[in-house]
Amino acid sequence: QWYQRRVRGIKSVKPVTDSKKKVYMLFDIKPDSSLTGGAWYSENDFETEFVDILGRQTLTFLQRQRSHAEVQHTDPLAAQRHMMCDIKQVKHFISQLGISKVELEDAEVKQILESLVFDGFAVRIHTLGEGGKRQTFYRAIKHQPLTSGISRVPCGVCPLISQCTPGGLVSPQTCKYMKEWLEF
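Residues numbered from 1 in each chain as written. Predicted model: local features only at pLDDT ≥ 70, side-chain atom pairs only at ≥ 80, totals over all residues. Heavy atoms only, no water.

Asker: What is the right way to read the packing of aromatic side chains from this model?
Answerer: In this description, a pair of aromatic rings is defined by centroid distance and the angle of the planes. This model, assessed by the stated rule, comprises 1 aromatic pair. The interplanar angle of 20 degrees and the centroid separation of 4.5 Å between the aromatic rings of Phe61 and Phe93 together place this pair among those described as stacked. Of the two residues, Phe61 sits in helix H3 (residues 48–72) while Phe93 sits in helix H5 (residues 87–97), which places them 32 residues apart along the sequence. Each member of the pair, Phe61 as well as Phe93, is classed as buried. (Phe/Tyr/Trp six-rings, centres within 6.5 Å; stacked < 30°, edge-to-face > 60°. Helix = DSSP H or I, 4+ residues; strand = E, 2+ residues; numbered from the N terminus. Buried < 20%, exposed > 50% of the residue type's maximum accessible area, 1.4 Å probe, protein only.)

Next up, the structure:
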């Protein structure tokens, strides 16, 4: 059966939302991340360690950019401009590390950056670029903020929050991060 599907150019994909189902599609088409879970999933399992490593490495990159800009520029405005990074710069840095088996999409890099913003490690800055086009940059903050426990709930930074439903494949009842947080 597999051989026939491959010869005819059809493949099956298991959706992360329901591992009992199979979706069939043309062999040369890349399945949408809403079906596969994107880079955060491997064989229908959420890759927590991978996401954690990406977050730490991205934060290190932003902190290095900040430190380098502070040392190189005495003018505070020039230093602020040079410590900002866009998604493309972070994506290039991650690809140079070689820690990802797949090439991350811009949206996935943005999820990592936004989690750093929500955790209070970075800030998001919107500027107007050439032709009045809105550009988004990120920069590490100087000090880790003091936060209350409620702001550290795992749901606040989870890239799957939109798929999380009671009784679903991704749910508060089955979330190991929620359980660990509650045990703390």
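That shown, we press on.
Asker: Mind showing me how you'd approach the pattern of salt bridges here?
Answerer: If the charged atoms of two oppositely charged side chains come close together, the side chains can form a pair. For the coordinates displayed, the defined rule picks out 7 salt bridges. Between Asp52 and Arg56 there is a salt bridge, with its nearest N and O atoms 2.6 Å apart. Here Asp52 and its partner Arg56 are both found in helix H3, 4 residues apart, which amounts to about one turn of the helix. Arg56 gets classed as partly exposed once you look at its relative accessible area, which sits at 47%. Residue Glu70 is joined to Arg66 by a salt bridge in which the shortest nitrogen-to-oxygen separation is 3.2 Å. With a gap of 4 residues between them, Glu70 and Arg66 both fall in helix H3, about one helical turn apart. Because the salt bridges share partners, they merge into one network encompassing Lys88, Lys91, Glu103 and Asp106. (Salt bridge = Lys/Arg side-chain N within 4 Å of Asp/Glu carboxyl O.)

Asker: Help me understand the environment of Leu62, please; the structure alone is not making it clear to me.
Answerer: With respect to the helices, strands and loops of the structure, Leu62 is situated in helix H3. Exposure remark for Leu62: the relative accessible area of 0% places this residue in the buried category. Considering only alpha carbons, one finds Leu62 and Val90, 28 residues apart in sequence, at a separation of 8.4 Å.

Asker: Which parts of the structure should I look at to understand the packing of H3 against helix H6 (residues 106–118)?
Answerer: The angle between the axes and the distance between the axes are what describe a pair of packed helices. It is at 10 Å that the axes of H3 and H6 come closest, and there the two elements cross at 70 degrees. Judged on the interaxial angle alone, H6 and H3 are roughly perpendicular. Together, Val51, Leu54, Gly55, Thr58, Leu59 and Leu62 of H3 and Ile112, Leu113 and Leu116 of H6 make up the contact between the two elements. Considering only residue class, the contact of H3 with H6 consists of 7 nonpolar, 2 polar and no charged. (Axes fitted to C-alpha atoms, helices over the stretch in contact; angles between N-to-C directions. Parallel < 35°, antiparallel > 145°, perpendicular 65-115°, else oblique. Contact = heavy atoms within 4.5 Å. Nonpolar A, V, L, I, M, F, W, Y, C, P; charged D, E, K, R; others polar.)

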